Amino acid sequence: MLRIGLTGGIGSGKTTIANIFLTLGIAVYDADTAARQLMNANQQIRQQLTERFGAATYKHGKLDRAYLASKVFDNAALLAELNAIIHPVTIQDSISWFTRQQGPYAIKEAALIFESGSEKHLDYTIGVWADKELRIERVLQRGGLDREAVIARMDKQMDEAEKMKRCNFVIDNNGKTSVIMQVLELHEHLKSLAGR
Ligand code: ADP
């Protein structure tokens, strides 16, 4: 079974495209959701976060996301420390998840793949590409963030063009080419790569 990474910046359409793969019967690991769960459930993460960010990291036993966000916001060094605590555990979790999957291939959807070094544990990577302005508009429509906050997040992420260059396949999600057709083509291609 092939292990496939699906990546792209905020608002590129990763989740939307992951959902199309799901409808084709392909298993998808959502790294963002997994990381949130592990921050509450994993003892190693809990201990390290408490040591580094203080007892206030957990309130009534649950992760205080607003507190943690306020600590790492605008502090690249602390954000890197946070990632260094979380990434190794989520990468291990996804490695063991892959071993439990069936089918020709399974997908790990993650905003950060090259940044965390997790491509080492993947056979191929798919990038989702959309122009910056379109990504901003889509995230604003999704709700919850204002324009400045979206741009601030984008500026912290790896340059999109660079990220796409590193991917084995790129899905164009600029709205002009059908993403469903692109996913179907890729699905056939990945099945043949997997020998199915
Ligand atoms: P990501 O997971 O990369 O942040 P999402 O899949 O959540 O991106 O997409 C961001 C927003 O844009 C969502 O509200 C989604 O419904 C919308 N969107 C994504 N792709 C398209 C598309 N091709 N056409 C219209 N809206 C889209």
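A brief structural summary.

### A few points about the pattern of salt bridges
- Across all of its chains, the model carries 10 salt bridges by this definition.
- Among the salt bridges present, the one from Arg3 reaches Asp123, with a minimum N-O distance of 3.3 Å. Of this pair, Arg3 sits in strand 1 (residues 2-7) while Asp123 is found in the loop between strand 5 (105-109) and strand 6 (124-129), placing the two residues 120 residues apart along the sequence.
- Using a relative accessible area of 27% as the deciding quantity, one classes Arg3 as partly exposed.
- Note that Glu188 is salt-bridged to Lys191, the shortest N-O span being 3.4 Å. One end of the pair, Glu188, and the other, Lys191, are both in helix 9 (residues 179-193), three residues apart, so they sit about a helical turn from each other.
- Through salt bridges with shared partners, one network takes in Glu115, Glu160 and Lys163.

### Considering the site of the ligand
- Gly9, Ile10, Gly11, Ser12, Gly13, Lys14, Thr15, Thr16, Arg138, Arg142 and Asn173 make up every residue found near the ligand.
- With respect to the ligand, the side chain of Lys14 contributes an N or O atom lying 2.8 Å from an oxygen atom.
- In this structure, a nitrogen atom belonging to the ligand sits 3.4 Å away from a side-chain N or O atom of Arg138.
- Relative to its unbound accessible area of 560 Å², the ligand is 68% covered by the protein chains.
- Listing elements by their share of the shell around the ligand, those giving two or more residues are helix 1 (14-23) and helix 6 (132-142).

Procedures and definitions
- Residues numbered from 1 in each chain as written.
- Predicted model: local features only at pLDDT ≥ 70, side-chain atom pairs only at ≥ 80, totals over all residues.
- Heavy atoms only, no water.
- Salt bridge = Lys/Arg side-chain N within 4 Å of Asp/Glu carboxyl O.
- Helix = DSSP H or I, 4+ residues; strand = E, 2+ residues; numbered from the N terminus.
- Buried < 20%, exposed > 50% of the residue type's maximum accessible area, 1.4 Å probe, protein only.
- Near = heavy atom within 4 Å.
- Polar contact = N/O pair within 3.5 Å; in protein donor to acceptor, adjacent residues only side chain to side chain.
- Areas by Shrake-Rupley, 256 points an atom, 1.4 Å probe, with all protein chains shown as cover.

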